[in-house]
Amino acid sequence: MLFKREILISRDLNHVNRTRDILGEHNIETTVSTGSKTNPGRYHGIPYIDASTAYEHRVYVKRKDYDRAKEILRK
């Protein structure tokens, strides 16, 4: 993403939401990109793939907020 840096990659949506909440409390805007690594295409799933882990979520922050966001998430 242009002018943004990746702060988190996770398959756990709860972890993504907690991270976004923490950063939001510190007035840091986030953007999330979600993609399927299994790429089911027009099908509705692939056998033996847990739906909760089928999607990879990437959280981005503005470049100017990246260092501050890293510090906040370390705590």
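Here the structure is a predicted model, which is why all the values come from computation and not from measurement.

Reading the values: the criteria
- Residues numbered from 1 in each chain as written.
- Predicted model: local features only at pLDDT ≥ 70, side-chain atom pairs only at ≥ 80, totals over all residues.
- Heavy atoms only, no water.
- Core = buried A, V, L, I, M, F, W, Y, C linked by side-chain atoms within 4.5 Å.
- Buried < 20%, exposed > 50% of the residue type's maximum accessible area, 1.4 Å probe, protein only.
- Helix = DSSP H or I, 4+ residues; strand = E, 2+ residues; numbered from the N terminus.
- Pairing = 2+ DSSP bridges.
- Axes fitted to C-alpha atoms, helices over the stretch in contact; angles between N-to-C directions.
- Contact = heavy atoms within 4.5 Å.
- Salt bridge = Lys/Arg side-chain N within 4 Å of Asp/Glu carboxyl O.
- Polar contact = N/O pair within 3.5 Å; in protein donor to acceptor, adjacent residues only side chain to side chain.

Any details on the nonpolar core? Residues and values, ideally.
In this structure, Ile7, Leu8, Val16, Leu23, Ile28, Val59, Val61, Tyr66, Ala69 and Ile72 together form the largest nonpolar core, which totals 10 residues. Mapped onto this core, the elements with two or more residues apiece are strand 1 (4–10), helix 1 (13–25), strand 3 (55–62) and helix 2 (66–74). Broken down by element, the residue count for this core peaks at 3 residues, all from helix 2.

Could you give me a rundown of the sheet that holds strand 2 (residues 30–36), with the residues and numbers involved?
Pairing between the strands of a sheet is mediated by backbone hydrogen bonds and can be parallel or antiparallel. Pairing in this open sheet of 3 strands is antiparallel, and the strands run 1-3-2 from one edge to the other. Of all strands in the sheet, those with a lone pairing partner are strand 1 and strand 2, marking the two edges. The sheet shows a mean angle of 25° between the axes of neighbouring strands, direction not considered. In this fold helix 1 packs onto strand 1, strand 2 and strand 3, with an angle of close to 140° to the strand it touches most, strand 1. Across the face of the sheet, helix 2 comes into contact with strand 1 and strand 3 while running at roughly 30° to strand 1.

Please provide a residue-by-residue account of the pattern of salt bridges, values included.
Using the criterion set out here, one finds 4 salt bridges in the structure. The salt bridge involving Arg58 is made with Glu56; its shortest N-O contact spans 3.0 Å. Taking the relative accessible area as the measure of exposure, Arg58 reaches 25% and is therefore partly exposed. Through salt bridges with shared partners, a single ionic network connects Glu6, Glu56 and Arg58.

How would you sum up the pairing of strand 3? Please name residues and give values.
Note: strand 1 against strand 3, 6 bridges, orientation antiparallel. Each residue of the ladder has a partner; that of Ile9, found in strand 3, is Arg58.

Please give an account of the side chain of His57 that cites residues and values.
Locating His57 in the fold gives a position in strand 3. At 3.1 Å, the side chain of His57 forms a polar contact with the side chain of Thr34. Not counting residues within four places of it along the chain, the set of residues in contact with His57 comprises Leu8, Ile9, Ser10, Arg11, Leu13, Val16, Val32, Ser33 and Thr34.

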